[in-house]
Each structure stands twice: as C-alpha cells, then as structure tokens.
Amino acid sequence: MATNIPANLKYTKEHEWALVEGDTVTVGITDFAQSALGDIVFLEVPAVGTDLKIGSTFGVVESIKSVSDLYAPITGEVVGKNTDLEGSPEKINEDAYGSWLIKVKVKDASELNNLLTAEQYQEFCNSSH
Amino acid sequence: MTTLKTYLYDEHVKLGGKIVPFAGWDMPVQYSSVKDEVLAVRNNVGVFDVSHMGEFFVEGEDAEAFVDGLVTNDIQNAPMGKAIYSPLCRENGTVIDDLIVYKLAPGHVLVCVNAGNIDKDFAWFKSKHTGFKCNLTNRSNDYSLLAIQGPKAFEILKPLLKDLPEIEYYSVHETAFENNPVIVARTGYTGEDGFEVFGTHEGTKALWQKLMSVGVTPCGLAARDVLRLEVCYPLYGHELNDEVNPYDAGLGWTVKGAKTNFIGKEALAPKKANYKLVKLILEKGIPREGYPVLNSKNEPIGVITSGTMSVVLNKGIAFARIQIDKAPSDEVFMVDIRQKPYPAQLTKKPFVTGGHK
C-alpha cells in the first residue's frame, strides 16, 4: 500500500503520529490509518486537563463500519484539543497530518525514545500488511 | 483456515478493492469510499460481486412441492417466474437460513442461500429429500452472481442483455449476455430497483468488465451492509440465527400458516415471539453490534444486532433484539456506547425508503 509518512514525525505501532516540539507532543492518526479505516464519521478525544498514560486508550475514531481505539504515544496532560474536527471528523480522511487530535505536555521525555522514526514505521507498515 | 476467492477476485484487486475475510471468502469490503458507493446505489447504479452466495437447483416433477415443504413461505401457489423470500426452519421453528426461491419453470427451481450457510443448508435439504421425485444439486461452485442496483439499473442492463422485459419486482427471467446464458431476477439487498444476475464464471467476468466500462460503480460489502440496514433488511448471523424463530425477527409475514404442511409449522402455529426486533435511530453516537440496549431506567433489555452510521441520514441507526417481556411501552430507549447511555428513538418504518419497483 502506498502511504504518506512524513520524515519529521514520530510514530506508534498503533498508527498514531506525534510531532515533538519542546515539551509538547501533537498527536494524530497516520495516513495509513485513515486509509485503512475509510470514511471517518465520529471522533472522541479527552478534554483539556485529562492525564494520559503511555499506551493507554485515550479515545476512539469511528468509520462507517468500524470502531478503533486511540492509544497515547506518551504520558502527560492534554493541553490542547482540535475543536475544528468536532462535527467534521472527515477532515482526517482529507488530511491526516493536518488534522491533529490533541496536544500533550510531556511528563517524561525519555518515553520519546519508544516512538518509531518514519523509517521504522514504514518498515512496520510494510511487514505487517 | 483457507479462504475462498470468487472468480472476480483479480478484478477487485485491480480496481483497488480492500479485501477482507467474510463467511470463508476473501471479499472486497470497499473500493473508494463507503459513502460514495452507497450514494451511487441510491442515486445512480452500483454493482456488487455476490458470487459467494450459494445456488441449489431442484429439478423434477416434485420440485415445487419439495421446496414448499421446507420453507415457511408459499412456493406452491406463487406464479411461475416469481422469486419468493423465505426463512428455512427446523421442526422447532428456529431459522437455519433465509433464502430466495426462484420459480424458473414448472419443475425447475433455483434456491439462493447465504454464503456462510451453504453446507448447512445443503445437508438439511438432502436430509429431507427422500421420497420426492426431483433432483437436488448444489451448483454454488458453478455460478457467479452480480447484483446491479440503483435507479438506473434497468437502463444500464437492458442494452447489454439479449432481452430484458420490464419484469416485476421479485420476478425472474432467463436470457443471455453475449453468448452466456444468465438468470436475471429483479431482486436485491439494497431497497433500490435492481437486478441479480446469475451466470457462468466467464460470462459474469465479461459482464462485470462491461459494467465497469460503462461507468457502473463497483461496491463492496460495507456499502451493502449500510444499504440493507437503511431499508431494514435482516441479515443472517445478526437479526436471524439458529436460535430465533421468524417472529423474533419481524418476519411473521413469511410464515404461511394456511399451508398444508411445512417443517416448523406446528412449532410456529402459536405465532410466539420471544424477542421483539426494533429499529432505533440516534441523534448522537453510532450503535454497533453487541452494544447493550437499556430502558429509560437504565436497565438492560436487549442488544444491538446490527448498527452503523446511515450515509443518507448521517445518523446512527440499528436493529436491536429486545426481550419481549421487557419491551417498554414507552418509546424511550438508550444504547450503551462505551459505558455512556445515548438516547435512541424507536421507529416503525425503514430508516430510508428505497426506490424499488
């Protein structure tokens, strides 16, 4: 499957992308994920102020046919939520990397080492699908 | 488990169809977008490869009588050329499958069954066949099947076939595509006008390619499921299964108690439903199979059997199986979506009115 994997982002094996800027990580789902899900029709993400734990589910994304959990790429507090997606989650299908979901203030920077590079994620996508 | 592939598998891959396992088959779930595919069928025309479905032929002087004794609906008295939808029941009234019986000609009956039930159904047919003067053959491997659905289906299909008269809804006609014999029925699973075309593998492949060349939208299983749920058609394994009877699934109209005899007649004579199948529509949230259904006091009273986001309404829609003694008299229901109750409105009509003839 041809897929778009920007080099400046980090990735999880659950198909989230993470943009690391200082102690803040912006989180979305990858182009590979949006393509696999198909038409996205519903999104549920936590409110600002919510504490997330790395690897735990923090919300759901639903396409017409399926429900998928979202997994926190990092431990920390939600400090931003993309309200543009409320009512129009299909924007994720149109632009997966422009449609961020939440911003998280990093609690433990060493956890960033768990994230995959673009190259590692590409390899992961190739090997698992 | 190895999965089976329809004769059109390579065509689906070529078109970029996403392939998923379904009822033992590798089937295309969608090509471009479920939304676009649903809307193509509602407004224009789409085609589904449903070659995984099963075909049994019953031929001989007792053909109609044999099939009539197996199913709850009335085959014997239906006119030649009709298609008849019916549950196939056990003696205790539970549903083995739901199927369509096509009366092709006197002593010549085609039965189309669900892909996942082919072996179960054929074993049942065979076990009840003794004493009838007719041959029973499972020709599921010999036939491919396309469903061409949508308001423009007739207009698209007519010039391609040797002849296609304006047959009535739920009627069948034998003709040819190029030199390949086809059985064409004005049936389908979308609520729209359309045709199901049974044919040889090669002939069906040629027809599929022809349909692609004239701009018919290829549609996958996901669109098929949304379409059938929008018009409230039940699906075996969801609304129907080995444990429920036709009344439990709102199919009482298919049980013809006046028939002399059929398997399950005695058990179904009290018209007793253990469940009520209801249709729910949600302003917010998407109901999914398995989600609990609650009454206004938040007590569990049933479960969602099929649920999705309606493309046409842009709202969550579902079938729910409610325990009959707990069916609330008021019309307030809740669906438990990830431990949060979402209000659901009961509706008596289909969510979307299809345009079938």
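All values reported here derive from a predicted model rather than from experimental measurement. (Residues numbered from 1 in each chain as written. Chains lettered and ligands numbered in written order. Predicted model: local features only at pLDDT ≥ 70, side-chain atom pairs only at ≥ 80, totals over all residues. Heavy atoms only, no water.)

What about the sheet that holds strand 2 (residues 18–22) of chain B?
Residue and element names in this part refer to chain B. Going by this rule: By the convention used here, strands pair only if DSSP detects at least 2 bridges between them. Strands here are runs of E lasting at least two residues and helices are runs of H or I lasting at least four, both read from the DSSP assignment and numbered beginning at the N terminus. In this description, contact between two residues means that some pair of their heavy atoms is separated by no more than 4.5 Å. Under this scheme, a helix contributes an axis fitted over its contacting stretch, all axes are lines through C-alpha atoms, and angles between N-to-C directions fall in the 0 to 180 degree range.
Here we have 3 strands laid out as an open sheet, ordered 1-3-2, and mixed in their pairing. The strands lining the two open edges of the sheet, one partner per strand, are strand 1 (4–5) and strand 2. Bridge analysis of strand 1 against strand 3 (residues 25–30) gives 2 bridges, and the strand direction is parallel. Counted as the bridge partner of L4 is W25 from strand 3. Across the sheet, helix 7 (residues 221–230) touches strand 2 and strand 3, and the angle it forms with strand 3 is around 70 degrees.

Points about the environment of L99 of chain B
All names here are of chain B. The residue L99 is located in strand 7 (residues 95–105) in this model. Between the C-alpha atoms of L99 and A344, which are 245 residues apart in sequence, the distance is 31 Å. Beyond its immediate sequence surroundings of up to four residues, L99 is in contact with V71, I84, Y85, S86, L88, V111, C112, V113 and F125.

Let's talk about the nonpolar core
Our working definition: Throughout, nonpolar core names a set of buried Ala, Val, Leu, Ile, Met, Phe, Trp, Tyr and Cys residues whose side chains join them through atoms within 4.5 Å. The buried label applies to any residue whose accessible area, calculated with a 1.4 Å probe on protein chains only, is under 20% of its type's maximum; exposed applies above 50%, and partly exposed to all values in between.
Grouped together as the largest cluster of nonpolar side chains are 45 residues, with contacts concentrated most on Y102, I183 and F198 of chain B. Counting residues per element, the ones that place at least two in this core are strand 4 (40–44) of chain A together with helix 2 (34–43), strand 6 (83–89), strand 7, strand 8 (108–113), strand 10 (144–149), strand 12 (180–185) and helix 7 of chain B. The residues touching Y102 of chain B, leaving out its near neighbours within four places in the chain, are K82, A83, H108, V109, L110, C112, V172, A185, T187, E196 and F198 of chain B.

Section: the environment of D62 of chain B
Residues and elements named next belong to chain B. Just so we agree on the cut-off: In the analysis that follows, any N or O atom pair within 3.5 Å is treated as a polar contact, provided that within protein one partner can donate a hydrogen and the other can accept it, and provided that, for residues neighboring in sequence, both atoms belong to side chains.
Tracing the sequence through the fold places D62 in the loop between strand 5 (54–59) and helix 3 (63–70). Distance in space between the C-alpha atoms of D62 and I183 is 22 Å, their sequence separation being 121 residues. In contact with D62, not counting residues within four places along its chain, are G131, F132, K133 and C134. Within the structure, D62 has its side chain in polar contact with the backbone nitrogen of K133 (distance 2.7 Å).

Notes on the interface of chain A and chain B
Accessible area lost on assembly of the parts is the figure often given for the size of an interface. What counts is decided by this rule: When two parts are brought into contact, each loses some accessible area as probed by a 1.4 Å sphere; the total of that loss over both is the buried area. Each salt bridge in this description consists of a side-chain nitrogen of Lys or Arg and a carboxyl oxygen of Asp or Glu lying within 4 Å of one another. For this classification, the nonpolar set comprises Ala, Val, Leu, Ile, Met, Phe, Trp, Tyr, Cys and Pro, the charged set comprises Asp, Glu, Lys and Arg, and every other residue, Gly included, is treated as polar.
Contacts between chain A and chain B engage 14 residues on the former and 17 residues on the latter. Of the roughly 1,300 Å² buried between chain A and chain B on both sides combined, carbon and sulfur atoms contribute 49%. When the buried area of chain A at its contact with chain B is split by residue, D39, I64 and K65 of chain A rank highest and sum to 45% of it. In this structure, the connection of chain A to chain B is made through 4 salt bridges. Two residues, K65 of chain A and D225 of chain B, come together in a salt bridge whose shortest N-O distance is 2.8 Å. Inspection of the chain A/chain B interface yields 11 residue pairs in polar contact (both at pLDDT 80 or more). Sorting the residues of the side of chain A that touches chain B by element identifies helix 1 (31–37), strand 4 and strand 6 (57–63) of chain A as the ones contributing at least two each. Its residues placed into classes, the side of chain A that touches chain B shows 6 nonpolar, 4 polar and 4 charged.

Side note on unusual backbone geometry
Glycine aside, negative phi is the norm for most residues, and most peptide bonds take the trans geometry. A positive phi angle is found at H15 of chain A, which is not glycine, with a value near 75 degrees. In this structure, H15 of chain A sits in the loop between strand 1 (10–11) and strand 2 (16–21). According to the relative accessible area criterion, H15 of chain A is buried, its value standing at 13%. Here the phi dihedral of N314 of chain B falls at roughly 60 degrees; this positive angle occurs in a residue that is not glycine. Counting through the fold element by element, N314 of chain B comes out in the loop between strand 17 (300–309) and strand 18 (316–323).

Description of the UniProt feature "binding site: substrate" (unreviewed entry) in chain B
All names here are of chain B. To keep it simple, the criterion reads: UniProt positions are given in the numbering used here, feature names are shortened, and annotations may be inferred rather than shown by experiment.
Within the UniProt annotation, "binding site: substrate" (unreviewed entry) is assigned to E196. One can find E196 in strand 13 (residues 194–199). The exposure class of E196 is buried, given its relative accessible area of 8%. Other than its neighbours up to four places away in sequence, E196 contacts Y102, L145, L146, A147, I183, V184, A185, T187 and G188.

Considerations on the environment of I167 of chain B
Residues and elements named next belong to chain B. Among the structural elements, I167 can be located in the loop between helix 5 (153–157) and strand 11 (172–177). The spacing of I167 and V184 is 17 residues in sequence and 9.6 Å in space, taken between C-alpha atoms. With near-sequence residues (within four places) excluded, I167 lies in contact with V172, H173, V184, R186 and F195.

Description of the UniProt feature "domain: Lipoyl-binding" (unreviewed entry) in chain A
Feature annotation in UniProt places "domain: Lipoyl-binding" (unreviewed entry) on residues 24–105 of chain A, given in this structure's numbering. A helix fraction of 13% and a strand fraction of 43% characterise residues 24–105 of chain A, whose end C-alpha atoms lie 5 Å from each other.

Brief notes about the UniProt feature "modified residue: N6-lipoyllysine" (unreviewed entry) in chain A
Within this numbering scheme, the UniProt entry marks K65 of chain A as carrying the feature "modified residue: N6-lipoyllysine" (unreviewed entry). By the element assignment, K65 of chain A lies in the loop between strand 6 and strand 7 (67–71). The contacts of K65 of chain A, once residues within four sequence positions are left out, are A222, D225, R288 and T308 of chain B.

Topic: the sheet that holds strand 6 of chain A
Residue and element names in this part refer to chain A. Taken together, 3 strands build an open sheet; the order of strands is 4-6-7 and the sheet is antiparallel. Strands at the two margins of the open sheet, each flanked by one partner only, are strand 4 and strand 7. Neighbour to neighbour, the strand axes of the sheet diverge by 25 degrees on average, direction disregarded. Of the pairings in the sheet, the one linking strand 6 to strand 7 comprises 5 bridges and is antiparallel in character.

Remarks on the state of the cysteines
Residue and element names in this part refer to chain B. Basically, it comes down to this: In what follows, a disulfide is any cysteine sulfur pair within 2.5 Å.
A complete count under the given rule lists 0 disulfides over all chains for this structure. Free cysteine: C89, not disulfide-bonded; nearest cysteine sulfur from C112 at 18 Å. Distance from the sulfur of C134, which forms no disulfide, to the nearest cysteine sulfur (C112) is 19 Å. A relative accessible area of 7% places C134 in the buried class.

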